[in-house]
Amino acid sequence: MPASDHANLEQFMEGVKQRNPGQTEFIQAVQEVAQDIFDFIEDKQEYHEAQILRRMVEPDRVVSFRVCWEDDSHRIRVQRGWRVQNNNAIGPYKGGIRFHPSVNESVLKFLAFEQTFKNSLTGLPMGGAKGGSNFDPHDKSDSEIMRFCQSFMTELYRHVGPDTDVPAGDIGVGSREIGYMFGQYKRITNRWEGVLTGKATEYGGSKMRPEATGYGAVQFLCNMLRHSGSEIDGKTAIISGAGNVALHAAEKLCDLGGKVLTLSDSDGFVHDPDGIGRDKIEWVKRLKNERRGRISEYVEEFSGAEYHEGKRPWHVAADLALPCATQNELEEDDAKALVDNGCIAVAEGANMPTTLKGVKVFKDARIMYAPGKAANAGGVAVSGLEMSQNAERISWNQERLGDMLTELMKDIHEKCVTYGDDGDGYIDYVKGANIAGFKKVADAMLAFGVV
Ligand code: NDP
Ligand code: 2IT
């Protein structure tokens, strides 16, 4: 990059920091994209003149609202809810809803910004958004969750719709919460329409949606390995998280002959040197979904496994790593440990799980590294297919959707290779995903003029 463009990049980032004080996650997500885009648009005057990147980092709107609900002891509780609608140049706003105490405006702005690029990469007509609340579902009863979801949707319904904005699940929001929110939307509006994805199949949900993010991430990993003449069969893998994405990634890895060594939650991780196979994954699914248990209970059930309280799994030696829990869970030291231990590929099931310094370690070591906006795009892609099925009032079968997911992940991988090939055999998947994601949205924005 010429010195003048470097200065422009620094000035651009300075502006982002000034306009978004204290929003560290959002600034990080923009930083990760900006350098690649500056390189790409260096000789493309039309993007500069139209201030495309400057417009993309300003969400179309951020809606913030109060969510009141009554707990089981009849106490009135007050939470904050948000919907960040980042960009709808290429389709209705689309992106998940997260319920977690760490949710704030910065986190949702970073997620909505990333979602814009991710959704563009899928090739489907979806803009980028994200929403959520600082509500903590962990210690709540089922009826408290229902009352919270109903109250949340009582405000959100006026901002969403099948052609406006279509939310889905994310951390702390699974099919139970989607059901409560869909029920409330239908009750308020008296309309049955595909306003949410991730619904159960009984009322318009798509087959393969629960599996899509985790399966898709492993398929992306497969494509990366294949591109470099390797495969998953016989390789060891470490996974963080024990939620929807982590457990489906684990399932797919097992099916392809990989050996999963770890799973985690926010309290610690389990390391099972014998491998966490299909039966054990089923047990963890029941633990998490039915008993709402903790991953520490794994070692009481399966001898030979160890539980490490308060730790993350990155220092366990393995060929492959899949961070599938949350943002910034993999830091510089963790990345160094992975590289030193011979890890050859990292595929992010979570959104922005690796810090900027961690990403630099992977790139400097030239190991294969797939950022979340590419590797975990299978989830929102099947959400896009759920929207199509709802609009047509039909439902496709598992096999067809499985084939479509495989094709979509292959296509996203190819786009990353097209724009990320350094020319000397190394594929910079971050650059590839950023540029391919940017280009489609930017060209649509150019077509609209100044809006
Ligand atoms: P779930 O709620 O199903 O599971 C989240 C898992 O991550 C749990 O094991 C949870 O542990 C752990 N976790 C959550 N927050 C933290 C934290 N702050 N520190 C450590 N561990 C944490 O969520 P998903 O599996 O759906 O989502 C996981 C990641 O994947 C997120 O980054 C999400 O944005 C991303 N993603 C999800 C998609 C989807 O389709 N669901 C699509 C694309 C990306 P605990 O129970 O202790 O909180
Ligand atoms: O981060 C994500 O891509 C999701 N949480 C899924 C979004 C969706 O609309 O399915």
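Residues numbered from 1 in each chain as written. Chains lettered and ligands numbered in written order. Predicted model: local features only at pLDDT ≥ 70, side-chain atom pairs only at ≥ 80, totals over all residues. Heavy atoms only, no water.

### Side note on the pattern of salt bridges
Argument step 1. Tallying each qualifying case throughout the model produces 35 salt bridges.
Argument step 2. Between E251 and K285 there is a salt bridge whose closest N-O contact spans 2.4 Å. Here K285 lies in helix α10 (residues 278-289) and E251 lies in helix α9 (residues 244-255), a separation of 34 residues in the sequence. Of the two residues, E251 and K285, neither departs from the other in class, the shared state being buried.
Argument step 3. One salt bridge in this structure joins R294 and D267, with 2.9 Å as the shortest N-O distance. In this pair, R294 is assigned in the loop between α10 and α11 (298-301) and D267 in the loop between β7 (259-265) and β8 (268-271), connecting sequence segments 27 residues apart.
Argument step 4. Accessibility expressed as a relative area gives 24% for R294, which makes it partly exposed.
Argument step 5. Classification of D267 as partly exposed rests on a relative accessible area of 31%.
Argument step 6. One network of salt bridges, with partners in common, ties together E251, D255, R278, E282 and K285. (Salt bridge = Lys/Arg side-chain N within 4 Å of Asp/Glu carboxyl O. Helix = DSSP H or I, 4+ residues; strand = E, 2+ residues; numbered from the N terminus. Buried < 20%, exposed > 50% of the residue type's maximum accessible area, 1.4 Å probe, protein only.)

### Details of the pairing of strand β5 (residues 165-168)
Argument step 1. Where burial is concerned, the two faces of β5 agree: the one with D165 and P167 and the one with V166 and A168 are both buried.
Argument step 2. Relative to β5, strand β3 (residues 93-99) is paired through four bridges, and the arrangement is parallel. Note that in β5 the partner of G96 across the bridge is A168. (Pairing = 2+ DSSP bridges.)

### As for the environment of D71
Argument step 1. Within the secondary structure, D71 is located in the loop between β1 (61-70) and β2 (76-87).
Argument step 2. Remark: the alpha-carbon pair of D71 and K140, spanning 69 residues in sequence, is separated by 8.5 Å.
Argument step 3. Setting aside chain neighbours within four positions, we find D71 in contact with R77, E144 and R147.
Argument step 4. Looking at D71, its side chain comes within polar contact range of the main-chain nitrogen of S73, at 2.9 Å.
Argument step 5. Separated by 2.8 Å, the side chains of D71 and R77 make a polar contact. (Contact = heavy atoms within 4.5 Å. Polar contact = N/O pair within 3.5 Å; in protein donor to acceptor, adjacent residues only side chain to side chain.)

### Let's talk about the packing of α9 against α10
Argument step 1. Contact pair α9 / α10: the axes reach a minimum separation of 10 Å and the direction vectors enclose 170°. Between α9 and α10, the angle is such that the two are roughly antiparallel. Where α9 abuts α10, its residues L247, H248, A250, E251, C254 and D255 lie against R278, I281, E282, V284 and K285. (Axes fitted to C-alpha atoms, helices over the stretch in contact; angles between N-to-C directions. Parallel < 35°, antiparallel > 145°, perpendicular 65-115°, else oblique.)

### A closer look at the site of ligand 2
Argument step 1. In the vicinity of ligand 2 there are 13 residues, among which K94, K118, K130, D170 and S383 approach most closely.
Argument step 2. Take Q115: an N or O atom from its side chain is 3.0 Å from an oxygen atom of ligand 2.
Argument step 3. Taken by itself ligand 2 offers 290 Å² of open surface, and the protein chains cover 93% of this.
Argument step 4. Among the elements that line the shell around ligand 2, the one with the most residues is β3, at three residues. (Near = heavy atom within 4 Å. Areas by Shrake-Rupley, 256 points an atom, 1.4 Å probe, with all protein chains shown as cover.)

### Some remarks on the site of ligand 1
Argument step 1. Close contacts around ligand 1 come from 25 residues, with D170, T213, S266, R294 and N351 the closest.
Argument step 2. R209 is positioned such that a nitrogen or oxygen atom in its side chain is 2.9 Å from an oxygen atom of ligand 1.
Argument step 3. Interatomic distance of 2.7 Å between a side-chain N/O atom of T213 and an oxygen atom of ligand 1.
Argument step 4. Considering ligand 1 on its own, with 890 Å² of exposed area, one finds that the protein chains cover 84% of that surface.
Argument step 5. Breaking the shell around ligand 1 down by element, the ones donating at least two residues are α8 (209-227), α9 and β7.
Argument step 6. Looking at side-chain class alone, the shell around ligand 1 contains six nonpolar, 13 polar and six charged residues. (Nonpolar A, V, L, I, M, F, W, Y, C, P; charged D, E, K, R; others polar.)

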